[in-house]
Amino acid sequence: MADFDLIVIGAGSGGVRAARIAAGHGAKVAIAEEHKVGGTCVIRGCVPKKLLVYGAHFAEDLEDAAMFGWDVPTKRFDWPVLRDNVLAEVSRLEAAYTETLTNHQVEIFHERAEMTGPTEVTLASGKKLSAGKILIATGARPLMPEVEGIEHAISSNEVFHLERMPKRIVIAGGGYIANEFAGIFHQFGAHVTLVNRSDTLLRGYDQQLVDRLLQISIRKGIDYKFNTTFERIERRDDGSLKLVMKGSDDIEADEVLFAVGRRPNVEALGCAAAGVEVGDKGEIKVDDDNRTSAASVFAVGDVTDRVQLTPVAIREGQAFADTFFGNIPCKVDYGCIPSAVFSHPPLAGVGMTEGQARNKLGSIKVYTSDFRAMKNVLAGRNERSLYKLVVDATSDEIVGIHMIGPDAPEILQAAAIAVKARLKKADFAATVALHPTMAEELVLMR
Ligand code: NDP
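All figures in this text were calculated on a predicted structure; none of them were measured in a lab.

Analysis parameters
- Residues numbered from 1 in each chain as written.
- Predicted model: local features only at pLDDT ≥ 70, side-chain atom pairs only at ≥ 80, totals over all residues.
- Heavy atoms only, no water.
- Core = buried A, V, L, I, M, F, W, Y, C linked by side-chain atoms within 4.5 Å.
- Buried < 20%, exposed > 50% of the residue type's maximum accessible area, 1.4 Å probe, protein only.
- Helix = DSSP H or I, 4+ residues; strand = E, 2+ residues; numbered from the N terminus.
- Contact = heavy atoms within 4.5 Å.
- Near = heavy atom within 4 Å.
- Polar contact = N/O pair within 3.5 Å; in protein donor to acceptor, adjacent residues only side chain to side chain.
- Areas by Shrake-Rupley, 256 points an atom, 1.4 Å probe, with all protein chains shown as cover.
- Nonpolar A, V, L, I, M, F, W, Y, C, P; charged D, E, K, R; others polar.
- Pairing = 2+ DSSP bridges.
- Axes fitted to C-alpha atoms, helices over the stretch in contact; angles between N-to-C directions.
- Salt bridge = Lys/Arg side-chain N within 4 Å of Asp/Glu carboxyl O.

Enquirer: Sorry if this is basic, but what is going on with the nonpolar core here?
Expert: A general feature of soluble globular proteins is that nonpolar side chains tend to end up buried together. Membership of the largest hydrophobic core comes to 41 residues, with the highest contact counts inside it found for L52, I171, F181, F185, L257 and L347. Among the secondary structure elements, those contributing two or more residues to this core are α2 (39-44), α3 (46-64), α4 (79-103), β8 (168-172), α5 (176-187), β9 (191-195) and α6 (207-220). Aside from chain neighbours lying at most four places away, what touches I171 is A178, F181, A182, F185, V192, T193, L194, V195 and L257. I7, V121, L123 and L129 belong to the second-largest nonpolar core, a separate cluster that totals 24 residues.

Enquirer: Can you help me understand the site of the ligand in this one?
Expert: Close to the ligand lie 19 residues, the nearest being I177, R197, R203, Q308 and A340. Here I177 contributes a backbone N or O atom positioned 2.8 Å from an oxygen atom of the ligand. Contact distances for the ligand include 2.9 Å between a nitrogen atom and a side-chain N or O atom of E180. Out of a free accessible area of 910 Å², the ligand has 75% covered by protein chains. In terms of residues, the shell around the ligand owes the most to one element, α5, which gives three residues. Classifying every residue of the shell around the ligand gives seven nonpolar, seven polar and five charged.

Enquirer: Before we go on, may I ask you to explain the sheet that holds strand β13 (residues 251-253) in this structure?
Expert: To summarise the sheet geometry, strands pair through backbone hydrogen bonds and adopt either a parallel or an antiparallel arrangement. An order of β11-β12-β13 is seen for the three strands of this open sheet, with the pairing classed as antiparallel. A strand with exactly one partner marks an edge of an open sheet, and here the two such strands are β11 (229-235) and β13. Between one strand axis and the next, the sheet turns through 25° on average, direction left out of account. Judged from the six bridges that link them, β11 and strand β12 (residues 241-246) form a sheet pairing that is antiparallel. Considered in β12, the bridge of E234 is made with K242.

Enquirer: In this structure, what is going on with the pattern of salt bridges? I would like to understand it.
Expert: Here the structure, examined in full by the defined rule, presents 30 salt bridges. Two residues, R164 and E163, come together in a salt bridge whose shortest N-O distance is 3.4 Å. As a salt-bridge pair, E397 and R422 come within 3.1 Å of each other at their nearest N and O atoms. Linking E397 in the loop between β20 (384-392) and β21 (398-404) with R422 in the loop between α11 (408-420) and α12 (425-430), this pair joins segments that are 25 residues apart in sequence. Members of the salt-bridge network, linked through shared partners, are E60, E63, D64, K220, R381 and E383.

Enquirer: Even after reading the chapter, I still don't get the pairing of strand β6 (residues 128-136), so can you show me in this structure?
Expert: The two faces of the sheet receive side chains in turn, since in a regular strand these alternate between them. Of the strand pairs in this sheet, strand β1 (residues 4-9) and β6 are connected by five bridges, and their pairing is parallel. Opposite L6, over in β6, you have K133 as the bridge partner. Pairing between strand β5 (residues 120-123) and β6: three bridges, direction antiparallel. Looking across to β6, one finds that T122 is bridged to K128. The turn linking β5 back onto β6 is made up of four residues, and G126 within it adopts a positive phi angle of 100°. Both β6 and strand β16 (residues 297-299) contribute to a ladder of three bridges, which runs parallel. Its bridge partner lying in β16, I134 is registered against V297.

Structural data, given as structure tokens:
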């Protein structure tokens, strides 16, 4: 008899969901976590980031307030207040996640775990646990490239704990994290320079939307350096940084944040001992049942490097638990995953971009609405939104929706249902507009 039916390694989004659901199906479950319960999303990712995005947005809202008749005599941003409130909320959520696990009789081991066989885990304390199945849900961590002086740089792990708001920050990368934090730091008053190795930002997003974000951000004062890489990072005696670049002049900064992708956490996990195959990028290889090359070992979430998004990890954890402990076989559908970049303004998309649809379908129709949100008009804010519907010209099905503008992610979540349900452009046109909203543009495009 094994000690547990299931041992989960890693208490992030995927691991917690799998543990809770498997336990709900009657399995005896343990979970091992060396850091905090909640994982990247709750502790040092989506959740604290979104709270900073809210905090950052006040900069523009307070500025715009005057045109709406509000006299805001003094504006002063206090970073430690926001930082500490965000960290307190993270602690509250960590406790809530822990409670959920405990309420489901999941035994939590707050220590590092390593597989010492296909059905055996050894904890840092030396304790050995056996299980019918092991689930690897160890997530990923920021990639810090080999650059001289990289120890002076921070990653998205440290960014939530900064002692003070930097006056000048350089952000390396052109993906989600780089663009989100460029907006956040800019709104908090820092001078932001975004440095990218290529001239492509947010690869995979619709090019027209990315161009719009770039145009708006440049007008706001964010600097961009494309086709530029880091040669060396030097810390001066006064604490400031000198960044020696290839492709541009040196840059003076107070902080440098690297956001150049994330790598699966597989080190010292015991993959070889368990017979678990690891791919070229360090990802754990799994089949569509989340099973690794070892029959008793499964993996979900970022460690598998399929789609590095929290809701996907949660779905994978749920599917694993339902399939193997609830007798409800199910697989994750990776089609039509909506995603968003919480930049300023945010952008969001689902389905095929215009370029992807053109390549795949050949004959498409693209509808666009390029407008200034009512609120921005009155505020005198010259920032235009852009919505796009990508339609299969043969079937009239909407195969992609892409938007940049205020609340785009909130609107897109609902619109994504239509793409998933393969609704047609005619269904959108037949829907009465809800006036006055920004979302009504979706049913008014002609
Ligand atoms: P991304 O994968 O989004 O972007 C990585 C960026 O770094 C790209 O611009 C890439 O350039 C560049 N890059 C990659 N390797 C190097 C290198 N060695 N040196 C210099 N530049 C490099 O990574 P992030 O770190 O921003 O985010 C990691 C993941 O976390 C995302 O993929 C996403 O899945 C998830 N995430 C999701 C969020 C959301 O849903 N809103 C928010 C934050 C993170 P190139 O394009 O040329 O390869």
